[in-house]
Amino acid sequence: MKHKIKDILNTPFVDLECVCKDMENKQQITRLLEGIAINAGMTAAYIMERDGYGCGDQGHRKAVRSLNKAGKIIWTKAFGYNAYHDLSF
């Protein structure tokens, strides 16, 4: 892959037009970037519950519910997918 994901993520938004013009495998890069966004959002939601938003650990079960809520929002609202399947672990 000519463009590395790390480099794309570090690209200022004003330069995206030039970067995208030369880009090959746009669909593959899009899927990788979506995966990063989804994982980051869901992981952040889990960690925030475990931190209790500064008020102490809210427990694993509540954190997983928060993770799934964030995943559903990101998956359906941000990226327009039709369905989200809850995770459990």
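Parameters and conventions
- Residues numbered from 1 in each chain as written.
- Predicted model: local features only at pLDDT ≥ 70, side-chain atom pairs only at ≥ 80, totals over all residues.
- Heavy atoms only, no water.
- Helix = DSSP H or I, 4+ residues; strand = E, 2+ residues; numbered from the N terminus.
- Rg over C-alpha atoms; globule rule 2.2 N^0.38 Å.
- Buried < 20%, exposed > 50% of the residue type's maximum accessible area, 1.4 Å probe, protein only.
- Contact = heavy atoms within 4.5 Å.
- Lys, Arg positive; Asp, Glu negative; His and termini not counted.
- Charge placed at Lys NZ, Arg CZ, Asp CG, Glu CD.
- Axes fitted to C-alpha atoms, helices over the stretch in contact; angles between N-to-C directions.
- Parallel < 35°, antiparallel > 145°, perpendicular 65-115°, else oblique.
- Left-handed = near helix turned anticlockwise from the far one by under 90°.
- Nonpolar A, V, L, I, M, F, W, Y, C, P; charged D, E, K, R; others polar.
- Salt bridge = Lys/Arg side-chain N within 4 Å of Asp/Glu carboxyl O.
- Disulfide = S-S within 2.5 Å.
- Phe/Tyr/Trp six-rings, centres within 6.5 Å; stacked < 30°, edge-to-face > 60°.

**Some thoughts on the overall build of the protein chain**
Piece 1. If you tally the helices and strands in the protein chain, you get four helices and zero strands.
Piece 2. Walking the protein chain from its N terminus toward its C terminus, one meets helices and strands in the order α-α-α-α.
Piece 3. By the compact-globule yardstick of 12 Å for 89 residues, the protein chain is too spread out, its C-alpha radius of gyration being 16 Å.
Piece 4. Principal axes of the C-alpha set define a box for the protein chain whose edges measure 45 × 30 × 20 Å.
Piece 5. Looking at the 89 residues of the protein chain, the share that counts as buried comes to 26%.
Piece 6. Across the protein chain, the fraction of contacts at a sequence separation of at least 24, relative to all contacts at a separation of at least 6, is 41%.
Piece 7. Across the protein chain, the 13 positively charged side chains and the 10 negatively charged ones have centroids separated by 7 Å.

**A look at the packing of helix α3 (residues 26-51) against helix α4 (residues 60-78)**
Piece 1. As a packed pair, α3 and α4 sit with axes 8 Å apart at the nearest point and diverge in direction by 150°. Comparing their axes, α4 and α3 come out roughly antiparallel. The two elements α3 and α4 cross, and the hand of that crossing is right-handed. For the pair α3 and α4, the contacting residues are Ala 37, Ile 38, Gly 41, Met 42, Ala 45, Tyr 46, Glu 49 and Arg 50 in the first and His 60, Lys 62, Ala 63, Val 64, Ser 66, Leu 67, Ala 70, Gly 71, Ile 74 and Trp 75 in the second.
Piece 2. Split into classes, the residues belonging to the contact of α3 with α4 amount to 11 nonpolar, four polar and three charged.

**So, the pattern of salt bridges**
Piece 1. Inspection of the entire model under this criterion finds two salt bridges.
Piece 2. Across the pair Arg 50 and Asp 57 runs a salt bridge, and its minimum N-O distance is 2.7 Å.

**A word on the state of the cysteines**
Piece 1. Across all of its chains, the model carries zero disulfides by this definition.
Piece 2. This cysteine, Cys 20, is not joined by any disulfide, and Cys 18 carries the nearest cysteine sulfur, 10 Å off.

**Comments concerning the packing of aromatic side chains**
Aromatic ring pairs are described here by two measures, namely the spacing of the ring centres and the angle between the planes.
Piece 1. Applying the stated criterion to the full structure yields two aromatic pairs.
Piece 2. A centroid spacing of 6.0 Å and a plane angle of 40° characterise the contact between Tyr 46 and Phe 89, whose relative ring orientation is tilted. One end of the pair, Tyr 46, is in helix α3; the other, Phe 89, is in the segment after α4, and 43 residues separate them in sequence.
Piece 3. A relative accessible area of 17% places Tyr 46 in the buried class.
Piece 4. Phe 89 sits in the exposed class, given a relative accessible area of 59%.

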